[in-house]
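Structure at a glance
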Amino acid sequence: MTIEAFDIWTEDDVAEEAGDRPRLPAGWAGPAGPGIDVSTWPRSPRTGQPMLHCFTLWLPEAYRRHGPDLVAVAVFQWEDELYFRDPSPQVTAVIAGTSAGVVAPGHPFWAELAQARPHPRLRIADDGVASLLAMVWLTEAELNGPRVARPAAAPSLADGEFDSTSWRARHGQYGSLWLVPRDDPNAGVAPVSFPSDGDAYVDVPDRFDVFHAEHLGGTCMSPDGVRDGLSPWYIEVSRLGGISYGGDLDIALDLDSSAFLGDLSTAVSFPGIDKS
């Protein structure tokens, strides 16, 4: 199997940036989610808020690390400085089938929350700063099915939460996504910050001139260096679909590890898997 690395471009830029290189249609960035059951849309474990969809990305065969039939990933985010706290009493009550203490009980958020269940291939992790990220592995049917709108948001934000929808609309990169192969010596190689002569990973001094910052595999583009333990099979993004990490930093999502944010996270949950 030939292993390649790819730049990730939106529709607005691919024609100009790809030149005569081939391009592969690879999903989209924007608020609409993939064709999953809307009741499995990822939610904040603390407040039940439906997370914001950032992007859905089709994966070439070498990057399908959780099975050949899982052909894409969808990435969601929700900003919450208090993500580490236990679920609110109102959320716990609704999930338990009561409405004790619920504010605005007729609001559609509560009815949809009562029907919510985790997607069977959902991972949720914190970014170590002030938000939660979710990754859902998708089948071909979920990737190509009708796109799903975000469920109703709660009638009010809880302390610590921030709905960044308007910020994302101003600063995010949106639209259809394309993978464009890049001639990258580090395709299929685990990145390291300071490669030595004995490392398979090599430094590319002019990487910012020849490679795009948002990419699949290959040379790490973060000016802050490589995250420890990152596998060769990762997505690195900054503003794709409005995703945000630490203000305006790059973030790497590891496709080969269930702990997809690695040591950035204090906790990773698998709410769709029964561990009993």
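Everything below is about the structure printed above this text.
Structural notes, computed from the coordinates. Every chain begins its residue count from 1, and numbering advances along the sequence as written. Residues qualify for local features only when their pLDDT is at least 70, as the model is predicted, and side-chain atom pairs are given and counted only at 80 or more; totals for whole chains, interfaces and linings, by contrast, use all residues. Derived side-chain values reflect all non-hydrogen atoms in the structure, with water molecules and hydrogen atoms excluded from consideration.

**Some remarks on a negative patch on the surface**
Stated formally: Patch membership requires over 30% relative accessible area and the absence of a salt bridge. Like charges are linked within 9 Å, and nonpolar side chains (Val, Leu, Ile, Met, Phe, Trp, Tyr) within 5 Å. In this description, accessible areas are obtained by the Shrake-Rupley approach with a 1.4 Å probe, and a residue is regarded as covered only by the protein chains that are shown. One side-chain nitrogen of Lys or Arg within 4 Å of one carboxyl oxygen of Asp or Glu is enough to make a salt bridge. We count Lys and Arg on the positive side and Asp and Glu on the negative side, and we leave His and both chain ends out. To locate a charge, take NZ of a lysine, CZ of an arginine, CG of an aspartate or CD of a glutamate. What counts as a helix is a DSSP run of H or I of at least four residues, what counts as a strand is a run of E of at least two, and both are numbered from the N terminus. For the exposure calls, accessible area comes from a 1.4 Å probe over protein chains only, and a residue counts as buried if that area is under 20% of its type's maximum, exposed if over 50%, partly exposed in between.
Together, E11, D12, D13, E16 and E17 make up a region of like negative charge exposed at the surface. Mapped onto the secondary structure, E16 falls in helix α1 (residues 11–18). Judged by relative accessible area, which is 66%, E16 ranks as exposed.

**Brief notes about helix α3 (residues 108–115)**
Using the following cut-off: This arc is taken over the directions from the axis of the helix to the C-beta atoms. Contact definition: two residues touch when any of their heavy atoms are within 4.5 Å.
The complete set of buried residues in α3 reads F109, W110 and L113. For α3, the arc enclosing every buried residue in end-on projection is 95°, short of the 170-degree limit, so these residues lie on one face. Residues of α3 that are buried sit in contact with α2 (89–95).

**Observations regarding the side chain of S244**
Here S244 lies in the loop between β10 (234–237) and β11 (251–254). On the basis of relative accessibility, which here comes to 14%, the residue S244 falls in the buried class. Setting aside its immediate chain neighbours within four residues, S244 contacts Q77, D127, S131, W167 and S238.

**Comments concerning the packing of aromatic side chains**
Defined as follows: Two rings from Phe, Tyr or Trp (for Trp, the six-membered ring) form a pair when their centres sit within 6.5 Å of each other. Planes less than 30 degrees apart are called stacked, planes more than 60 degrees apart edge-to-face, and all others tilted. Throughout this description, the term charge over a ring refers to an Arg CZ or Lys NZ atom that lies within 6 Å of the ring centre and within 35 degrees of the ring normal.
Under the criterion given, the structure shown has five aromatic pairs. Plain terms: the ring middles of Y83 and F84 are 5.9 Å apart, the flat faces sit at 80° to each other, and that makes the pair edge-to-face. Overall, F84 belongs to the exposed group, its relative accessible area being 57%. On the basis of an interplanar angle of 75° and a centroid distance of 4.8 Å, the ring pair of F109 and W110 is categorised as edge-to-face. The cationic tip of R147 hangs over the ring face of W28; the distance from NZ or CZ to the ring centre is 3.7 Å. Sitting over the ring of F211, R182 keeps its end group 4.2 Å from the ring centre.

**As for the pairing of β10**
Quick reminder of the rule: One bridge is not enough; two strands pair if DSSP finds at least two bridges between them.
The alternating pattern of β10 places Y234 and E236 on one face and I235 and V237 on the opposite face, and all of these are buried. As judged from the two bridges shared by strand β9 (residues 215–216) and β10, these two strands associate in the antiparallel manner. Bridging across to β10, H215 finds its partner in E236. Direction of pairing for β10 relative to β11: antiparallel, over a ladder of four bridges. Residue E236 lies in a different strand from β11, and its bridge partner there is A252.

**Quick word on the side chain of Q49**
This is how it is decided: Polar contacts here mean pairs of N or O atoms no more than 3.5 Å apart (in protein, one a potential hydrogen donor and the other a potential acceptor; neighbouring residues in sequence count only if both atoms are side-chain atoms).
Relative to the assigned elements, Q49 resides in the loop between β2 (24–29) and β3 (52–58). Residue classification places Q49 among the buried residues on the basis of a relative accessible area of 1%. Here the side chain of Q49 touches A154 through a polar contact of 3.2 Å, landing on its backbone nitrogen. Beyond its immediate sequence surroundings of up to four residues, Q49 is in contact with P42, R43, S44, W78, F109, R150, A153, A154, S156, L157 and E161.

**Notes on the nonpolar core**
Most often, soluble globular proteins have nonpolar side chains that are buried together. Cut-off, in case you're wondering: Nonpolar cores are built from buried Ala, Val, Leu, Ile, Met, Phe, Trp, Tyr and Cys residues. Side-chain atoms within 4.5 Å join them into one set.
Grouped together as the largest cluster of nonpolar side chains are 33 residues, with contacts concentrated most on F55, L57, Y63, I235, L253 and L255. Contributions of two or more residues to this core are made by β1 (5–10), β2, β3, β4 (70–80), β6 (131–139), β8 (175–182), β10 and β11. In this structure, L255 is in contact with L59, Y63, R65, H66, V73, M135, W137, L216, W233, Y234 and I235, ignoring residues within four places of it in sequence. Counting residues in each nonpolar core, the second largest holds 19 residues, with A72, A74, L132 and L138 among its members.

Function cannot be read off these values alone, since they describe shape.
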